[in-house]
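What follows is each chain in one-letter form.
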Amino acid sequence: MPVPGRTLPVAPCIPAAKPLECSGAKTIVTSHPATQKNNEKARNRHPKGSLRERPPKELQTDELWMEEALRCAQRALEAGEVPVGAVVVLDGQIVGRGWNRNIADSDPTAHAEVVALRDAGAKAGNHRLEGCELFVTIEPCTMCSGAMVHARIGRLVYGADDPKAGAVHSVLRVLNHPQLNHKIEVRRGVLAGRSAEVLQMFFRSRR
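Below you will find a few notes about this structure. (Residues numbered from 1 in each chain as written. Predicted model: local features only at pLDDT ≥ 70, side-chain atom pairs only at ≥ 80, totals over all residues. Heavy atoms only, no water.)

## What to know about the overall build of the chain
Helix and strand counts for the chain stand at 6 helices and 5 strands. Order of helices (α) and strands (β) in the chain, N terminus to C terminus: α-α-β-β-α-α-β-α-β-β-α. Taken across its 207 residues, the chain has 46% of its residues classed as buried. Roughly 10700 Å² of accessible area belongs to the chain as shown, and the carbon and sulfur atoms make up 56% of that amount. (Helix = DSSP H or I, 4+ residues; strand = E, 2+ residues; numbered from the N terminus. Buried < 20%, exposed > 50% of the residue type's maximum accessible area, 1.4 Å probe, protein only. Areas by Shrake-Rupley, 256 points an atom, 1.4 Å probe, with all protein chains shown as cover.)

## Focus: helix H2 (residues 62–78)
In this model H2 runs 25 Å from its N-terminal to its C-terminal C-alpha over 17 residues, within 8% of the 24 Å that 1.5 Å per residue would give. Every buried residue of H2 is listed here: Asp62, Glu63, Trp65, Met66, Glu68, Ala69, Leu70, Cys72, Ala73, Gln74 and Ala76. Looking at the buried residues of H2, the elements they touch are strand S1 (85–90), strand S2 (93–99), strand S3 (133–138), strand S4 (155–160), strand S5 (185–188) and helix H6 (192–205). Of the residues one or two after H2, Gly80 is the one with positive phi, at around 80°. (Expected span 1.5 Å × (residues − 1). Contact = heavy atoms within 4.5 Å.)

## Side note on H6
Helix length check: H6, at 14 residues, gives a terminal C-alpha distance of 20 Å against a target of 20 Å (1.5 Å per residue), a fit within 8%. Restricting attention to buried positions, one finds in H6 the residues Arg194, Ser195, Val198, Leu199 and Phe202. What you see down the axis of H6 is that its buried residues fit within an arc of 135°, all on one side. (Arc of directions from axis to C-beta.)

## Let's talk about unusual backbone geometry
Unlike most non-glycine residues, Asp91 shows phi in positive territory, near 50°. With respect to the helices and strands, Asp91 occurs in the loop between S1 and S2. On the basis of relative accessibility, which here comes to 6%, the residue Asp91 falls in the buried class. Despite not being glycine, Leu191 has its phi angle at roughly 50°, a positive value. One can find Leu191 in the loop between S5 and H6. Taking the relative accessible area as the measure of exposure, Leu191 reaches 12% and is therefore buried.

## Digging into the sheet that holds S5
Within the open sheet, the 5 strands sit side by side as S2-S1-S3-S4-S5. Their pairing is mixed. Pairing within the sheet leaves two strands with one partner each, and these edge strands are S2 and S5. Averaged over all adjacent pairs, the angle separating strand axes in this sheet is 15°, with direction ignored. In terms of strand pairing, S1 meets S2 through 6 bridges, oriented antiparallel. Residue Gly85 lies in a different strand from S2, and its bridge partner there is Trp99. H6 contacts S3 and S4 of the sheet and is inclined by roughly 60° relative to S4. (Pairing = 2+ DSSP bridges. Axes fitted to C-alpha atoms, helices over the stretch in contact; angles between N-to-C directions.)

## Thoughts on the environment of Arg155
Within the secondary structure, Arg155 sits in strand S4. Sequence spacing of Arg155 and Glu133 is 22 residues, and the spatial spacing of their C-alpha atoms is 4.7 Å.

## A short note on the pairing of S3
With respect to burial, S3 is a largely interior element, 6 of its 6 residues being buried. Inspection of the sheet shows S1 paired to S3 by 4 bridges, in the antiparallel sense. In the strand pairing of S3, Val88 is matched with Leu134. Taken together, the 5 bridges between S3 and S4 define a ladder with parallel strand orientation. When the bridges of S4 are listed, Leu134 appears paired with Leu156. With helix H5 (residues 142–151) bridging S3 and its parallel neighbour S4, the resulting β-α-β unit is right-handed. (Right-handed = clockwise from strand over helix to strand, strands pointing away.)

By themselves, these observations are geometric and do not establish any function.
Quick look at the structure:
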């Protein structure tokens, strides 16, 4: 558990080895009252000095956080993994990072989203991540969508749709299923062109 009075460190940004070309259209950033409400609820539930009490920094856009997720995807690409990256954000701070590590860890569950959730949970000392937002470069699969529900993520932002395995919009609708007791705000298509491009580059190199 976090020690009262101590501030958990935030990992520094990982620079991409090569800048990714921008091919996606600009998206409009709007305010999200539901996320603000979730953040306020989370702060009220956790003691002073915990991860969730950190005051927000200056307003950041969804595109900025997706840039960080793309940097994580670049790390996966350099390691020969399917290039998917994710970050968990709370109050304007990155509290978890992840990229696909299935091959490196010999772990079929080591998707970028799961790795980022584990990182954030370890820092928080809690398996619940209420008030957090998850940014990932591609639409989450069934496993990762279920993990977000269990973690009580407040908001999901993703880049490209996954027409073969997407479990948010494309193939299945795991998130916000009427039988589930937790609802997650979703925004799709942020830097979708760049997110799709890095995946296409990876699979082209394998042919």
